Amino acid sequence: MSTSDRILLLLHIGFAIFTLGPLTAATMSTPRYIRKRNVVVVRYLHRTTQIYGIGTLGIFLIGLGLAKGDLAEVWLTVSMTLFVVALVLLLIVERDQRKAVHLLEVAAAEAAPAAVPVRPAAAKEAKEPEEPEEPGETGEAVGGATEAEAPAAGPAADTGEIAQVERGRLAAMSGVVALIWLVILALMVWNG
C-alpha cells in the first residue's frame, strides 16, 4: 500500500468515525425529543442530520478513490449499494424531522393562546369584596379549584401525540440506517 493510499484510508476511516457517529446519534435520539415536544432540540437534531448527512458523502468519495476503479469485487459493489440505500433513507429521515419540527411549532403556537391568565394573589387579597360573590367570579371553578388548577381546554389539554407517524418512521429508519452502517463495516473489515 502506497503512502497516498494510506492517507486516503486514514481519511476514509476518519470521515466514517466523525460523521457516522454524530449522524447516528442525532437520528436515533430525535424520536425521544419529539415525544417530549422539545422543538428546539428537534430543530437542532434536524440541522445536525443535514450537516453530517452531507459529510457522509466524503466517506463515499474517498472510498471510491481507494477502490481505484476496481469495482468488480462483489463486496465493494454491495457496500456502495448499501451506502446509497442508507443515503436515500437519510433523506426520508431528514424529511420526517423537518415535518416533525413544523408540527411541534404549530402545536406550540396553538397552545400559547389557550393558556389562561391567572390573577396575581396580591391583587386578589387587596380587593375587599363588598358583596358575597358567586362561585366562579374570582377565578374559582364550581368545584373549588382556581383557574390555574382547572384543566385547560383546547389543544393544550389534548394528550394526543404530535408527529406520532414521523416519530415511528424516524425510529425505524434510523435503526435500519445504523444496521446498514454495521453491515458495510463488516464487509470492509473482512474483505479489505
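Just so you know, the residues in each chain are numbered from 1, in the order the chain's sequence is written. For a predicted model such as this one, the threshold for reporting local features is a pLDDT of at least 70, and the threshold for listing and counting side-chain atom pairs is 80 or more; totals across whole chains, interfaces and linings nevertheless cover every residue. With hydrogens and water excluded, all non-hydrogen atoms of the structure serve as input to the side-chain values.

Where an unreviewed UniProt entry is consulted, the protein appears under the name Putative membrane protein, with the organism given as Actinomadura luteofluorescens.

Chemist: Help me understand a nonpolar patch on the surface, please; the structure alone is not making it clear to me.
Modeler: Without a salt bridge and with relative accessible area above 30%, a residue can belong to a patch; like charges are then joined within 9 Å and nonpolar side chains (Val, Leu, Ile, Met, Phe, Trp, Tyr) within 5 Å. Here, Shrake-Rupley sampling with a 1.4 Å probe gives the accessible areas, and only protein chains in the shown set may cover a residue. Basic side-chain nitrogens of Lys or Arg form a salt bridge, by our definition, when they fall within 4 Å of a carboxyl oxygen of Asp or Glu. The grouping of Met 1, Leu 9, Ile 13, Ile 17 and Phe 18 at the surface amounts to a nonpolar patch, some 530 Å² of accessible area in total. Along the polypeptide, Met 1 turns up in the segment before helix H1 (3-35). Going along the chain from the N terminus, every DSSP run of H or I of four or more residues is numbered as a helix, and every run of E of two or more is numbered as a strand.

Chemist: Quick question: what am I supposed to make of the nonpolar core here?
Modeler: The nonpolar side chains of a soluble globular protein tend to be buried, and buried together. Counting 24 residues, the largest nonpolar core has Ile 34, Phe 83, Leu 90, Val 177 and Trp 181 as its most contacted members. Ranked by residue count, the leading element in this core is helix H3 (residues 74-111), at 10 residues. Those residues in contact with Trp 181 that lie beyond four places of it in its chain are Leu 20, Leu 23, Thr 24, Phe 83, Ala 86 and Leu 90. In this text, buried Ala, Val, Leu, Ile, Met, Phe, Trp, Tyr and Cys residues form a nonpolar core when linked through side-chain atoms within 4.5 Å. Only protein chains enter the accessibility calculation, which uses a 1.4 Å probe. A residue is then buried if its area is under 20% of the maximum for its type, exposed if over 50%, and partly exposed in between. Between two residues, a contact is recorded if the distance between any of their heavy atoms is within 4.5 Å.

Chemist: Just to check I follow, could you spell out the packing of aromatic side chains for this structure?
Modeler: Two aromatic rings are characterised by how far apart their centres lie and by the angle between their planes. Between rings of Phe, Tyr and Trp, where Trp is taken as its six-membered ring, a pair exists when centres lie within 6.5 Å; planes separated by under 30 degrees are stacked, by over 60 edge-to-face, and by other angles tilted. Within this structure, the stated rule accounts for 2 aromatic pairs. Centroid distance Phe 60 to Phe 83: 5.5 Å. Interplanar angle 25°. Geometry classified as stacked. On the criterion of sequence distance, the pair formed by Phe 60 in helix H2 (residues 39-67) and Phe 83 in helix H3 is long-range, its members being 23 residues apart. Among the residues examined, Phe 60 registers a relative accessible area of 21% and is labelled partly exposed. Ring geometry for Phe 83 against Trp 181: centres 5.2 Å apart, planes inclined by 50°, an arrangement best described as tilted. Within this pair, whereas Phe 83 is found in helix H3, its partner Trp 181 is found in helix H5 (residues 164-191), the two being separated by 98 residues in sequence. Of the two residues examined, Phe 83 and Trp 181, each falls in the buried class. Three or more aromatic residues link up through ring pairs in this structure, and these residues are Phe 60, Phe 83 and Trp 181.

Chemist: Is there a simple way to think about the packing of H1 against H2 in this case?
Modeler: Any two packed helices are characterised by the angle at which their axes cross and by the distance between the axes. Axis definition: a line fitted to C-alpha atoms, limited for helices to the stretch in contact. Angles are taken between N-to-C directions and run from 0 to 180 degrees. The N-to-C vectors of H1 and H2 enclose an angle of 155°; their axes lie 8 Å apart at closest approach. Judged on the interaxial angle alone, H2 and H1 are roughly antiparallel. Where H1 crosses over H2, the handedness of that crossing is left-handed. A breakdown of the residues in the contact of H1 with H2 according to their chemical character gives 19 nonpolar, 13 polar and 1 charged. Should an angle fall under 35 degrees it is called roughly parallel, over 145 degrees roughly antiparallel, and 65 to 115 degrees roughly perpendicular, with every other angle called oblique. Take the far helix as your reference; a near helix turned counterclockwise from it by less than a right angle gives a left-handed crossing, and one turned clockwise gives a right-handed crossing. Each residue is assigned to one of three groups, with Ala, Val, Leu, Ile, Met, Phe, Trp, Tyr, Cys and Pro labelled nonpolar, Asp, Glu, Lys and Arg labelled charged, and all others, Gly among them, labelled polar.

Chemist: Where do I start with the environment of Leu 66 in this structure?
Modeler: Within the secondary structure layout, Leu 66 lies in helix H2. Each C-alpha atom of the pair Leu 66 and Leu 8 lies 6.5 Å from the other, and the pair is 58 residues apart in sequence. Beyond its immediate stretch of four places on either side in the chain, Leu 66 contacts Asp 5, Leu 8, Leu 9 and His 12.

Chemist: Is there a simple way to think about the UniProt feature "transmembrane region" (unreviewed entry) in the protein in this case?
Modeler: UniProt feature "transmembrane region" (unreviewed entry): in the numbering of this structure it lies at residues 6-28, 49-68, 74-93 and 170-190. Annotated as 100% helix and 0% strand, the span residues 6-28 places its first and last C-alpha atoms 32 Å apart. Between the end C-alpha atoms of residues 74-93 there is a gap of 28 Å, over a span that is 100% helix and 0% strand. UniProt positions are given in the numbering used here, feature names are shortened, and annotations may be inferred rather than shown by experiment.

Chemist: Explanation requested: the pattern of salt bridges in the structure shown.
Modeler: Charged atoms that come close allow side chains of opposite charge to pair. Taken as a whole and judged by the stated rule, the model has 6 salt bridges. Ionic pairing is found between Glu 105 and Arg 43, a salt bridge with its closest N-O pair at 2.6 Å. Here the residue Glu 105 occupies a position in helix H3, and Arg 43 occupies one in helix H2, the gap between them amounting to 62 residues. Here Arg 43 falls in the partly exposed class, since its relative accessible area comes to 37%. Note that Asp 96 is salt-bridged to Arg 169, the shortest N-O span being 2.9 Å. Placement of the pair is Asp 96 in helix H3 and Arg 169 in helix H5, with a sequence separation of 73 residues. Look at Asp 96 and you get buried, because its relative accessible area is 1%. A cluster of three or more residues bridged by salt bridges with shared partners is formed by Arg 95, Asp 96 and Arg 169.

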